[in-house]
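Residues per chain are reported as follows:
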Amino acid sequence: MDVLMLSRLQFAAATMFHFIFVPLTLGLSILIAYMETKYVRTGDEVYLKMAKFWGKIFLVNFALGVVTGITLEFQFGTNWSRYSAYVGDIFGSLLAIEATAAFFLESTFIGVWHFGWDKLSPKAHATVAWLVAGASNLSAVWILIANGFMQDPKGYVLRNGRAELNDFIAVITNKWAWLEFFHQIPAALTLAGFFVMGISAWHLLRKSETDFFKKSFNIGVTVALVFCIVTAVEGHFHGNNMSLKQPAKLAAMESHWVTQTNAPMYLLIVPGEDGNLVEALPIPGALSFLAYNDFNAEVKGLNDIPKEDRPPITITFLAFRTMVGLGTLFILLAGFGWLKRAKLEQYPLYLKILPYCIPLPYIAMWAGWTLAEVGRQPWIVYGLMRTSDAVSPVGAGEVSFSLVLMCLLYTLLGAAGIWLMIKLAKKGPEDNSPIQV
Amino acid sequence: MNNFMEIGSLHYYLAMIWFVLWGVLWAVYFILDGFDLGVGTLLPVLAKNEAEKRAMLNSTGPFWDGNEVWLISAGGVTFAAFPYAYAQMFSGLYTALMLLLFTLIVRGVSFEFRSKVESDTWKKIWDTAHAVCSFLPALLLGVAFGNIFQGIPLNEVGFSQAGLFGLLNPYGIAGGILFVTIFLMHGALWLCIRATGDLHARAELLATKLWPGVVVLTVLFLAYSSVTTKLFNNYLVYPALFVILLLPVVGLVLMRTYLGAKKYWMAWGASCLYIGGTALFGVVGIFPAIIPSNPNPANSLTIMNSASSVLTLEIMLGVALVFVPIVIGYQFWVYKTFATPITENDIHY
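Each chain carries its own residue numbering, running from 1 in the direction its sequence is written. All chains are assigned letters beginning at A, and all ligands numbers beginning at 1, according to the order in which they are written. Local features are withheld for residues below a pLDDT of 70 in this predicted model, meaning they are given only at 70 or higher, and side-chain atom pairs are given and counted only at 80 or more; totals for whole chains, interfaces and linings count all residues. Computation of side-chain values: all heavy atoms of the structure, hydrogens and water removed.

Novice: Sorry if this is basic, but what is going on with the state of the cysteines here?
Specialist: Here is the idea: a disulfide is a covalent bond, and it sits between the sulfur atoms of two cysteines. Defined by distance alone, a disulfide is two cysteine sulfur atoms within 2.5 Å. Counted under the stated rule, the structure contains zero disulfides over all chains. Its sulfur unpaired, Cys228 of chain A is 12 Å from the next cysteine sulfur, which belongs to Cys357 of chain A. Exposed residues in this analysis have more than 50% of their type's maximum accessible area, buried residues have under 20%, and partly exposed residues fall in between, with area computed by a 1.4 Å probe over protein chains only. For Cys228 of chain A, a relative accessible area of 4% puts it in the buried group. Of all cysteine sulfurs in the structure, the one in Cys407 of chain A sits closest to Cys133 of chain B, which takes part in no disulfide; the separation is 18 Å. When its relative accessible area of 8% is taken as the criterion, Cys133 of chain B is described as buried.

This is the structure we're talking about:
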């Protein structure tokens, strides 16, 4: 394999691994802060116990998220140095601002949260929980603004042989970035909701700590239901914007080949890289409507996009369907749980299924990011720089070595971390559990 | 390489400010992560039982994460303010950097993992991982900066041909040894502040024994630098700059004095001054290069040919002026709240 492919693999592996831990950090931090606030307000010890129990699992997850995030920032320099040199003026500053304004806050106060139970008043401790949650989500803002620049570059001018910043406001108000943010954060909250629901269901089936886990379940299911609907609705607007800005991604995710008005959506498609293998059961105008809110809008087909400008079609197509399919399932699952939340014990099958559903939101988010990033290919910055022009002039041997080492290390640590989280989750809450290093 | 700016222009002065801030960020990173890396390396040396291991890990536990963000910021600022230098530094030092990252990753999770399972083997694995992965970053950072001080073999397009083994030259290794020793000293002084009882006594004895080693290595490293690097050139042109060398010297003297007087916070502070001064000495020595090229200095990556645009440097400066004081403020508060001597109560079983 050449350096380009190896570097793409390394980036995909590093990012997807990092992204096992990030969404739970984003979502669960908010739920924990809410639990602590509830404790401060009501004085009900069960909420303190809740914050401590979910917090313990959160800390393992958080540690893995933080340490795997470091690789990402440095990878732009190690693997994508020509990208870094070309757009560093804009992209680099966004990462630097993220570190200064958000990541410092998050990393400093997670230590305070961890070690501060005896040193801070409950009120101060709850404030710290909100600082961690706020800072984590603020990190997401800056990272998504940086990603927004890659998807729909704004606020730059080509000068001195590189992209230079000429309108910072345009960069930080990029519509694409904010649409991503309002898709990503609700999705993270959905994931956190399903995480809490799954573990609570496991304990409810075993009738351990019923009161504790019923209350936890209620928080989880409410959050999951509200935010999976928000994610889906926002996804539609996000799709509209994407259709306008990246017609090649739209064509690839629908495996849409012929440019036409009143474009149909096929219920059955087997995509291929040179045309659909199977194409049946059309709904006339549906694609035009979904993309542009207009049944008669023209949708550009892959046939009219030069081959070297097309993203990989099968992956993009499958990623989109996985994301949407799972998103629909979440609405059904959360909706059912919310309606029956008062008499859950009457639905053992539902409780039995839920723990197995914990990986699903993760898969949905992976699929979403695959759609966003693979669908953007062959561009690293859409319309501005090709991925093949961005890679570092390093040796394939060096990249293979670090890729193999990274995969080994991540697999070991990830397995240990997930095993620990499962262990902590199964153990259930403890009374006055000491928080340890 | 094209120069982006005229010497004396606004752009030049902005780049100069960012060069100084870049140096300060690295210095602060070495000061802060330095002691927790040092304590981590000392874990198998100083702790005799489980309680002492806990005490050592707890002594850095609330801080290490916030400390490590200074590294992220130093990296981020290199990316933002000097993208060309960032691109070359990180792709040129590819394997060394990846190893640094991997060790920091293992070390980070070891804090969280080790106490979650009641098994001696499990704890032993993570304690060993913690110590090794505290030692290696110190060594690798020292090697990396030794090579930067000495100059990296850059060609006309700026691509380094060093490779991992090219970095392991005598001067680079000298840098690595110096860094490790400094961090051990810094970590031992931190334990003097936070540890009690036998552990405290052992840390104090170790710091006292390490001190002459730090002095000798510092002198040797400076002498070595005067032979193999151009670090002293700026100083010879502007002799007034030699004042900077006073910082590490004063730091060293005060370190020993306060240690003898059992004023541990002051001794640790003097160690911070020493580390900050040493870092500053190196940074001023390489100016205006960020990555000097050796043997061909014409290929150096300098503030003139690596800097971002005026607008980016200005915006970044605004962000730094607002947020860095805030960060310093809350990190100071965290140190004040949590850096008390560790008693039995702080070590949960």
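Novice: Would you mind going over the UniProt feature "transmembrane region" (unreviewed entry) in chain B with me for this structure?
Specialist: Residue and element names in this part refer to chain B. UniProt positions are given in the numbering used here, feature names are shortened, and annotations may be inferred rather than shown by experiment. UniProt's entry tags residues 12–32, 92–110, 131–152, 172–193, 205–224, 236–255, 267–291 and 311–333 with the feature "transmembrane region" (unreviewed entry), counted in the numbering of this structure. Across residues 172–193 one finds 100% helix and 0% strand; the C-alpha atoms that close the span lie 32 Å apart. A run of DSSP states H or I qualifies as a helix once it reaches four residues; a run of E qualifies as a strand once it reaches two. Both are numbered from the N-terminal end. Annotation note: span residues 205–224, helix share 100%, strand share 0%, distance between end C-alpha atoms 29 Å.

Novice: It is not clear to me how unusual backbone geometry should be interpreted in this structure. Could you clarify?
Specialist: Most peptide bonds are trans, and most residues other than glycine sit at a negative phi. With omega at 0°, the peptide bond leading from Phe287 of chain B into Pro288 of chain B counts as cis. Mapped onto the secondary structure, Pro288 of chain B falls in the loop between helix 12 (264–286) and strand 1 (289–291). Here the bond from Asn294 of chain B into Pro295 of chain B is cis, since omega is 15°, no more than 30 degrees from zero. Of note in this structure, Lys207 of chain A is not a glycine but carries a positive phi near 55°. Relative to the helices and strands, Lys207 of chain A resides in the loop between helix 6 (175–205) and helix 7 (210–245). You will see that Asn262 of chain A, though not glycine, has its phi angle at about 50°, which is positive. Of note, Asn262 of chain A is situated in the loop between strand 3 (260–261) and strand 4 (265–270).

Novice: Explain the interface of chain B and chain A to me, please; I cannot follow it from the model alone.
Specialist: One frequent convention defines the size of an interface as the accessible area lost when the parts assemble. If you look at the interface, chain B gives 67 residues, while chain A gives 77 residues. By convention in these notes, a salt bridge is any Lys or Arg side-chain nitrogen within 4 Å of a carboxyl oxygen on Asp or Glu. Counting the contacts that link chain B with chain A gives zero salt bridges. In protein, a polar contact means a hydrogen-donor-capable atom and an acceptor-capable atom, both N or O and within 3.5 Å, with residues adjacent in sequence counting only if both atoms are side-chain atoms; elsewhere, any N or O pair within 3.5 Å suffices. Taken together, the links from chain B to chain A amount to 16 residue pairs in polar contact (both at pLDDT 80 or more). With 15 residues, the top contributor of residues to the side of chain B that touches chain A is helix 5 (residues 94–113) of chain B. Contact between two residues is taken to exist if any of their heavy atoms lie within 4.5 Å; hydrogens are not considered.

Novice: Help me understand the packing of helix 2 (residues 50–60) of chain B against helix 8 (residues 170–194) of chain B, please; the structure alone is not making it clear to me.
Specialist: Two quantities define a packed helix pair, namely the angle between the axes and the distance from one axis to the other. Residues and elements named next belong to chain B. A fitted line through C-alpha atoms serves as each axis, taken over the contacting stretch for helices, and the angle formed by two N-to-C directions is quoted from 0 to 180°. Across the interface, helix 2 lies against helix 8 with an axial gap of 10 Å and an inter-helix angle of 100°. By the angle between their axes, helix 2 is roughly perpendicular relative to helix 8. When helix 2 is examined against helix 8, the residues Met56, Asn58, Ser59 and Thr60 are found in contact with a partner set consisting of Trp190, Leu191 and Arg194. For this classification, Asp, Glu, Lys and Arg are treated as charged, while Ala, Val, Leu, Ile, Met, Phe, Trp, Tyr, Cys and Pro are nonpolar and the rest, including Gly, are polar. Of the residues that constitute the contact of helix 2 with helix 8, the class distribution is three nonpolar, three polar and one charged. Relative orientations are named as follows: roughly parallel for angles under 35 degrees, roughly antiparallel for angles over 145 degrees, roughly perpendicular for angles from 65 to 115 degrees, and oblique for any other angle.

Novice: I keep staring at the packing of aromatic side chains and nothing clicks. Help me out?
Specialist: Two measures describe an aromatic ring pair: the distance that separates the ring centres and the angle between the ring planes. Centre distance within 6.5 Å is the pairing criterion for rings of Phe, Tyr and Trp, where only the six-membered ring of Trp is used; planes under 30 degrees apart are then read as stacked, over 60 as edge-to-face, and the remainder as tilted. Across all of its chains, the model carries 64 aromatic pairs over all chains by this definition. With a centroid separation of 5.6 Å and an interplanar angle of 65°, the aromatic rings of Trp178 of chain A and Phe181 of chain A are classed as edge-to-face. One end of the pair is Trp178 of chain A and the other is Phe181 of chain A, both in helix 6 and three residues apart, which spans about a single turn. Trp178 of chain A gets classed as partly exposed once you look at its relative accessible area, which sits at 31%. Exposure remark for Phe181 of chain A: the relative accessible area of 12% places this residue in the buried category. Following the ring pairs from residue to residue traces out a cluster consisting of Phe11, Phe74, Phe76, Tyr83 and Phe91 of chain A together with Phe79, Tyr86 and Phe90 of chain B. Just above the ring of Trp117 of chain A sits the side chain of Lys52 of chain A; from NZ or CZ to the centre is 4.9 Å. Placement of a charge over a ring requires the Lys NZ or Arg CZ to be within 6 Å of the ring centre, with the centre-to-atom vector within 35 degrees of the ring normal. Here Arg341 of chain A stacks its cationic end above the ring of Trp338 of chain A, 4.2 Å away from the centre of that ring.

Novice: Where do I start with a nonpolar patch on the surface in this structure?
Specialist: Residues and elements named next belong to chain A. The grouping of Leu267, Leu268, Val270, Leu277, Val278, Leu281 and Ile283 at the surface amounts to a nonpolar patch, some 630 Å² of accessible area in total. Elements with a minimum of two residues in the nonpolar patch: strand 4 and strand 5 (278–283). Mapping Leu281 onto the fold places it in strand 5. What makes a patch is a set of residues exposed beyond 30% relative accessible area and free of salt bridges, joined within 9 Å when like-charged and within 5 Å when nonpolar (Val, Leu, Ile, Met, Phe, Trp, Tyr). Here the open area of atoms and residues is found with the Shrake-Rupley method and a 1.4 Å probe, where only the protein chains shown may cover a residue.

Novice: Looking at this structure, how should I read the pattern of salt bridges?
Specialist: Two side chains with opposite charge may pair up if their charged atoms get near one another. All names here are of chain A. Scanning all chains against the criterion turns up 23 salt bridges over all chains. When the shortest N-O distance is used, the salt bridge between Lys215 and Asp211 registers 3.8 Å. Linking Lys215 with Asp211, this pair stays in helix 7, spanning four residues, or about one helical turn. The exposure class of Lys215 is partly exposed, given its relative accessible area of 26%. Given a relative accessible area of 46%, Asp211 falls into the partly exposed group. Lys307 serves as the salt-bridge partner of Asp274, at 2.7 Å between the closest nitrogen and oxygen.

Novice: How should I be thinking about the confidence of the model for chain B in this particular structure?
Specialist: Close reading of the predicted structure is inappropriate where its pLDDT is low. Mean pLDDT over chain B stands at 89; residues scoring 70 or higher make up 96%. Interface scoring of the predicted complex returns ipTM 0.86; its pTM is 0.90. On a range of 0 to 100, pLDDT expresses the predictor's confidence in each residue.

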